[in-house]
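# Reading the structure
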Amino acid sequence: MSQEMQTLEINGKSFTLDADPNMPILWALRDILGLTGTKYGCGAGLCGACTVHVDGKPVRGCLTSIKQAAGKSATTIEGLEADKLKAAWEKHNVPQCGYCQAGQLMSAAALLSTTAKPSEAQIDDAMSGNICRCGTYPRIKAAINTAADNSKVEA
C-alpha cells in the first residue's frame with residue numbers, strides 16, 4: 001500500500017493524514033483520528049453501522065475510501081448536530097444494545113435533512129440499509145416521526 005498525505009474535513013475540522021488513499025474512511029476515523037463513534041459492522045456496506053455523511057449524504061464508511069472523501073465535508077456521529085432527533089431517540093428509548101445506533105442516527109438525520117415530514121415508505125426506504133439486530137425498528141420509526149413533528153429541517 002502506498003502512503004500519501006491526505007487532507008480530510010471531518011466535523012468541520014481539517015485533518016492531514018499520512019495514510020493509504022484507498023483506506024476506508026471508517027478506519028481513518030477510528031484508528032487514526034480516534035473518532036470511535038462510527039462502528040464497524042459487516043465490512044461490506046450491508047448493515048449501515050459505519051454510516052457517515054459526506055457532503056451531507058449518508059455513505060458507508062467501510063466502502064468509502066479516504067481519496068473519495070478528500071476535498072469533501074464529512075460528518076460523523078460525534079459531529080452530528082441533530083438535537084431534536086437525538087431527543088426523540090431518547091424519548092422512544094430506541095437503543096437496546098446500541099451498536100447500530102450511530103449509523104441509524106446518521107441515516108435518519110440525512111433523511112430529515114432532505115424530507116422534513118417523511119412518509120412511512122420514505123422512512124422504510126431511507127432506513128432499509130441499516131440493520132438492528134435487537135429489532136428496535138418500531139422505536140426507530142417512532143423517533144423519526146417525533147423528530148419530524150418537532151422540527152422542520154435539522155441535521
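This section reports on the structure supplied with the text. Remember, it's a predicted structure, so these values are computed and weren't measured experimentally.

Definitions and limits used
- Residues numbered from 1 in each chain as written.
- Predicted model: local features only at pLDDT ≥ 70, side-chain atom pairs only at ≥ 80, totals over all residues.
- Heavy atoms only, no water.
- Helix = DSSP H or I, 4+ residues; strand = E, 2+ residues; numbered from the N terminus.
- Buried < 20%, exposed > 50% of the residue type's maximum accessible area, 1.4 Å probe, protein only.
- Polar contact = N/O pair within 3.5 Å; in protein donor to acceptor, adjacent residues only side chain to side chain.
- Contact = heavy atoms within 4.5 Å.
- Core = buried A, V, L, I, M, F, W, Y, C linked by side-chain atoms within 4.5 Å.
- Phe/Tyr/Trp six-rings, centres within 6.5 Å; stacked < 30°, edge-to-face > 60°.
- Pairing = 2+ DSSP bridges.
- Axes fitted to C-alpha atoms, helices over the stretch in contact; angles between N-to-C directions.
- Expected span 1.5 Å × (residues − 1).
- Salt bridge = Lys/Arg side-chain N within 4 Å of Asp/Glu carboxyl O.
- Left-handed = near helix turned anticlockwise from the far one by under 90°.
- Nonpolar A, V, L, I, M, F, W, Y, C, P; charged D, E, K, R; others polar.

Let us now look at the environment of Thr 114. The topology assignment puts Thr 114 in helix α4 (residues 101-114). Note on Thr 114: relative accessible area 65%, which makes it exposed. Note: C-alpha distance between Thr 114 and Phe 15 (99 residues apart in sequence) is 28 Å. At a separation of 3.4 Å, a polar atom in the side chain of Thr 114 contacts the side chain of Thr 115.

Bringing the environment of Leu 63 into the picture now. Take Leu 63: it is sitting in the loop between β4 (57-60) and α2 (66-69). In this structure, the C-alpha to C-alpha distance between Leu 63 and Thr 114, residues 51 residues apart in sequence, is 23 Å. In this view, Leu 63 contacts Gly 43, Ala 44, Gly 45 and Gln 68; residues no more than four positions away in its chain are not counted.

To continue, consider the nonpolar core. If you look at the biggest cluster of nonpolar residues, it comprises 21 residues, and the most contacted ones within it are Leu 80, Leu 85, Trp 89 and Ile 144. Those elements that provide at least two residues to this core are α3 (83-91), α4, α5 (120-127) and α6 (137-150). A per-element tally of this core places α4 first, with seven residues. Among residues more than four places away in sequence, those in contact with Trp 89 are Val 94, Pro 95, Gln 101, Gln 104, Leu 105, Ala 108, Ile 140, Ala 143 and Ile 144. Core analysis: the next-biggest nonpolar cluster, separate from the first, contains 13 residues, Ile 25, Leu 35, Val 54 and Ala 69 among them.

Another aspect to go through is the packing of aromatic side chains. Going through the model one piece at a time under the given rule, you end up with one aromatic pair. Note on Trp 27 and Tyr 40: the rings are 5.2 Å apart at their centroids and 35° apart in plane angle, and the pair reads as tilted. Of this pair, Trp 27 sits in helix α1 (residues 25-32) while Tyr 40 is found in the loop between α1 and β3 (51-54), placing the two residues 13 residues apart along the sequence. Under the relative-accessibility criterion, Tyr 40 is labelled partly exposed at 35%.

Let us look at the pairing of β4. Where β3 and β4 come together, four bridges link them in antiparallel fashion. Of the residues in β4, the one forming a bridge with Thr 51 is Arg 60. Once β3 ends, the chain turns through two residues before running back antiparallel as β4, passing Asp 55 with a positive phi of about 50°.

For the rest of this paragraph, the subject is the sheet that holds β3. The sheet built from five strands is open, its strands ordered β2-β1-β5-β3-β4 with mixed pairing. Looking at the sheet topology across the chains shown, the edges are occupied by β2 (13-19) and β4. Going from strand to strand, the sheet's axes swing by 40° on average, the running direction of each strand aside. Bridge count for strand β1 (residues 4-10) against strand β5 (residues 73-75) is two bridges, and the pairing is parallel.

Moving on, we come to α6. Its 14 residues give α6 an end-to-end C-alpha distance of 20 Å, which sits within 8% of 20 Å, the value for a rise of 1.5 Å per residue. Residues of α6 that are buried in the fold lie against α3, α4 and α5.

Pairs may arise between side chains of opposite charge once their charged atoms sit close together. Within this structure, the stated rule accounts for three salt bridges. A single network of salt bridges, built from pairs that share partners, joins Glu 120, Asp 124 and Lys 141.

What follows is about the packing of α4 against α6. Close contact between α4 and α6 brings their axes to 11 Å; oriented N to C, the two are set at 35°. Seen from above, α4 lies across α6 with right-handed handedness. From α4, Gln 104, Ala 108, Leu 111 and Leu 112 reach across to α6, where they touch Ile 140, Ile 144, Ala 147 and Ala 148. Counted by class, the contact of α4 with α6 contains seven nonpolar, one polar and no charged residues.

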